[in-house]
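# Reading the structure
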Amino acid sequence: MSPKSVRRAPKPRRTKKAADFFELRLYVAGQTARSLTAIANLQRICDQHLEGRYRMEVIDLLDRPQLARGDQILALPTLVRKLPEPIRKLVGDLSDTERALVGLDLRPRSSGKS
Amino acid sequence: MPKTATRPALVQPIPKSPTGIQGLDEITGGGLPRGRPTLVCGGPGCGKTILSMEFLINGARKFGEPGVFLSFEESIDDLTANFASLGLDPRPLSARKKLSLDYVRIEPNEIQETGAYDLDGLFIRLDHAINSVGAKRVVLDTIETLFSGLSDTRVLRAELRRLFDWLRTKGVTAIVTGERGDGGMTRHGLEEYITDCVIMLDHRVVEQNATRRLRVVKYRGSTHGANESPFFIDESGLSVLPIASLGLQHKVSPGRLSTGVQDLDAMLGKKGYFRGSSILVSGSAGTGKTSLAGYFAEAACRRREPALYFAFEESAAQIVRNLRSIGLDLEPCLRKSLLQIHAARPTTSGLEGHLSAMHRLIEENKPRVVVVDPISNLISVGTSIEVKAMLARLIDFMKVKEMTALFTSLTIDDGHPEGTDVGISSFMDTWLVLRNIEMNGERTRTLDVIKSRGMAHSNQVREFLLTSKGLKLLGVVRHEGRVLIGSERTAHAEPR
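Residues numbered from 1 in each chain as written. Chains lettered and ligands numbered in written order. Predicted model: local features only at pLDDT ≥ 70, side-chain atom pairs only at ≥ 80, totals over all residues. Heavy atoms only, no water.

## A closer look at the interface of chain A and chain B
Taken together, the contact between chain A and chain B spans 28 residues of the former and 24 residues of the latter. In total, chain A and chain B occlude about 2200 Å² of area from one another, counting both sides; carbon and sulfur atoms represent 52% of this. In terms of surface lost to chain B, no three residues of chain A exceed Gln72, Leu74 and Val91 of chain A, which account for 32% of the buried area on that side. Here chain A and chain B share two salt bridges between them. Across the pair Asp102 of chain B and Arg69 of chain A runs a salt bridge, and its minimum N-O distance is 3.2 Å. (Contact = heavy atoms within 4.5 Å. Buried area = accessible area lost by both parts, 1.4 Å probe. Salt bridge = Lys/Arg side-chain N within 4 Å of Asp/Glu carboxyl O.)

This is the structure we're talking about:
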């Protein structure tokens, strides 16, 4: 998504803001223990790292199965970071906070603990 | 279930879903196990996807069973284009809600694993697709791609097991495809989970010729052909050639047609071959097989019946030139397009390629008479059991169409051509053997009718002359209890 190839329009003011803004979609199936864990973990990460700059939506595929196709959902729970681009997918209940933060680009990828 | 194992006689025949694929239903005794998953495995490009898609399309078109195709490898557009090129356009069926295509894209570098998960998303998606068309058939192609996207193989294995169990409880007839692995039938051992029915496809190159094979490795609760069967893929899809299957339900004709050689007609009850029968002419090199075939084809043209000549040894021009030397001119037949000669080296394409080309030409030209000269050359392409299967299929096909077919066969052992051709001779109604007999310092050609089903025929060995005025069979000259041939005969006929 490099803007270099794109016509270089004057940057809108919200660009910087958009890069900071997180649009998150958490897919689950029913109110299972695993779903609830994932929701709680996501809530905690948002509170701690994204305060005031995120929108979070929880989609229960049991209610809306047709939505699984659009975001290519296979495993559950799956968290999709729609914004900022590029899209990222995090699979699992987000118990591994480190990996979740890396997956969301809130931590650099090479966080090797020695 | 040890009980059923010890008492196989009590096993009920299991219900099956016909695939509608030519030949496959014959091998499996009616199709795939209904309401159960079948594993179709093989290397890349072996035809797994085509087989699966044809199973679904036939289900929707012919058997009133809607289907779901879940692809893990090709996008919907790619799939649609592939199948349209095979004459299997899935779009009209999708539009009428008889078929649901879904592409499950897996991008390994997009996925980060952060904790416990399962594959409920896949289940929900599949369930939704099944319900949306009321599917009775499902294809998962190739589910092992999941292993490239998700790293926790322990979870994946447990989930796959759950998925196949779930498919069984759903009661859908499913095909799950798998890529051939190093150690086992599939890369990730899917054969451990799907034990109802396993079909293996193979695309191998033997002596530069590509041939396709299909084998039913396992079929729980059913008998099945265990042989490898050749199959081919052409514009009309996939067809399997079961080795042992010969549909013997064609019409038989009492009509007769000339062999093209008056003396030979006389040997065959004065009337020649039966219409719609198959004739084998065997003999070693230079015994006159092509000459007999040429006269047979020309006689058809004289009756204004189209003839199709498959030449696997000589070019069309060469055949015409050589036959002219024995007083036979095929040129007018070719000009009037009554005769068509198709010359090809047997090695130019695989066995299934030849068969499909021959089928197509026969379908297109609708000949009354077909010559294959020689059938023995196809042995250089496949092993002889495959040639036999191919021949059985071809003969079957022509008999149904009431075409009369003549096959020549080059035999090595001059003394006993019966030995080399005995395998294919059982498909043949009439069998002529040509020999070169070396005796008294000269070589004499002879002809005899080994068999000719359903007609009175001569049991004498005749001397067979290729003259510039045509083919002649000389009457038997007996002398002192012996049949005289060659110069002995001449000497006897004109005593000094």
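## Let's talk about the sheet that holds strand E2 (residues 54-60) of chain A
A sheet is described by the order of its strands in space; here five strands give the open sequence E2(A)-E1(A)-E3(A)-E4(A)-E6(B), paired in mixed fashion. Two strands close off the open sheet at either side, each with one partner strand: E2 of chain A together with strand E6 (111-113) of chain B. The sheet shows a mean angle of 20° between the axes of neighbouring strands, direction not considered. Sheet topology places strand E4 (residues 88-91) of chain A next to E6 of chain B; three bridges connect them, and they run parallel. For Lys89 of chain A, the partnering residue across the bridge sits in E6 of chain B and is Ile111 of chain B. Those strands touched by helix H2 (residues 33-49) of chain A are strand E1 (22-28), E2 and strand E3 (78-83) of chain A, and its axis lies near 175° from that of E2 of chain A. (Pairing = 2+ DSSP bridges. Helix = DSSP H or I, 4+ residues; strand = E, 2+ residues; numbered from the N terminus. Axes fitted to C-alpha atoms, helices over the stretch in contact; angles between N-to-C directions.)

## Brief notes about H2 of chain A
All names here are of chain A. Relative to the 24 Å expected for 17 residues at 1.5 Å per residue, H2 spans 24 Å between its end C-alpha atoms, a close match to the ideal helical length. Where H2 is concerned, the buried positions are Ser35, Ala38, Asn41, Leu42, Ile45 and Cys46. For H2, the arc enclosing every buried residue in end-on projection is 135°, short of the 170-degree limit, so these residues lie on one face. Pointing more than 90 degrees away from the buried face of H2 are the exposed residues Ala33 and Gln48. (Expected span 1.5 Å × (residues − 1). Buried < 20%, exposed > 50% of the residue type's maximum accessible area, 1.4 Å probe, protein only. Arc of directions from axis to C-beta.)

## Describing the environment of Cys41 of chain B
Inspection of the secondary structure assignment puts Cys41 of chain B in strand E3 (residues 37-42). Sequence separation between Cys41 of chain B and Val176 of chain B is 135 residues, and the spatial gap between their C-alpha atoms is 8.3 Å.

## What about the environment of Leu74 of chain A?
Structurally, Leu74 of chain A can be placed in the loop between helix H3 (67-70) and E3. The exposure class assigned to Leu74 of chain A is buried, which follows from its relative accessible area of 8%. Taking the C-alpha atoms as reference points, Leu74 of chain A and Val91 of chain A, separated by 17 residues in sequence, lie 9.2 Å from one another. The contact partners of Leu74 of chain A, leaving out residues within four places of it in the chain, are Val104, Ile106, Asp118, Leu119, Asp120, Gly121, Leu122, Arg125 and Leu146 of chain B.

## What about the packing of aromatic side chains?
Residues and elements named next belong to chain B. Throughout the structure, instances matching the rule amount to three aromatic pairs over all chains. Ring geometry for Tyr273 against Phe296: centres 5.4 Å apart, planes inclined by 80°, an arrangement best described as edge-to-face. With Tyr273 in strand E14 (residues 273-274) and Phe296 in helix H10 (residues 289-302), the pair connects residues that are 23 residues apart, well separated along the chain. Here the two residues Tyr273 and Phe296 agree in accessibility, since each one is buried. (Phe/Tyr/Trp six-rings, centres within 6.5 Å; stacked < 30°, edge-to-face > 60°.)

## Quick look at the pairing of E1 of chain A
All names here are of chain A. Counting buried positions over the seven residues of E1 gives six, a clear majority of the element. For E1 and E2, the ladder comprises seven bridges, and the chain directions are parallel. Bridge pairing in E2 links Leu24 to Met56. Taken together, E1, H2 and E2 form a β-α-β motif whose crossover is right-handed. As defined by bridge partners, E1 adjoins E3 across five bridges and the pair is classed as antiparallel. Bridged to Arg25 within E3 is Val80. (Right-handed = clockwise from strand over helix to strand, strands pointing away.)

## Regarding the nonpolar core
Nonpolar side chains in soluble globular proteins tend to be buried together. Residues and elements named next belong to chain B. Core analysis: the largest hydrophobic core is formed by 40 residues, its most contacted members being Leu264, Tyr273, Leu292, Tyr309, Leu339, Leu406 and Leu447. For this core, the element with the most residues is H10, which contributes seven residues. Non-local contacts of Tyr273, meaning those with residues more than four positions away in its chain, are made with Gly255, Arg256, Leu257, Thr259, Leu264, Leu268, Ile279, Phe296, Leu406, Thr430, Leu432 and Met455. Grouped together as the second largest cluster of nonpolar side chains are 39 residues, Leu119, Val133, Phe164 and Tyr193 included. (Core = buried A, V, L, I, M, F, W, Y, C linked by side-chain atoms within 4.5 Å.)

## Side note on the sheet that holds strand E15 (residues 278-283) of chain B
Within a sheet, each strand pairs with its neighbour through backbone hydrogen bonds, oriented either parallel or antiparallel. Residues and elements named next belong to chain B. Strand order in the open sheet formed by nine strands is E17-E16-E18-E19-E15-E20-E21-E22-E23, with mixed pairing between adjacent strands. Each edge of the sheet is formed by a strand with only one pairing partner; in this case those strands are strand E17 (339-343) and strand E23 (470-474). Neighbour to neighbour, the strand axes of the sheet diverge by 20° on average, direction disregarded. Note that E15 and strand E20 (residues 430-439) share five bridges and pair parallel. Within E20, the position partnered with Ser282 by the bridge is Val433. Lying on the sheet, helix H11 (residues 316-324) is in contact with strand E16 (307-311) and E17; it crosses E17 at an angle near 120°.

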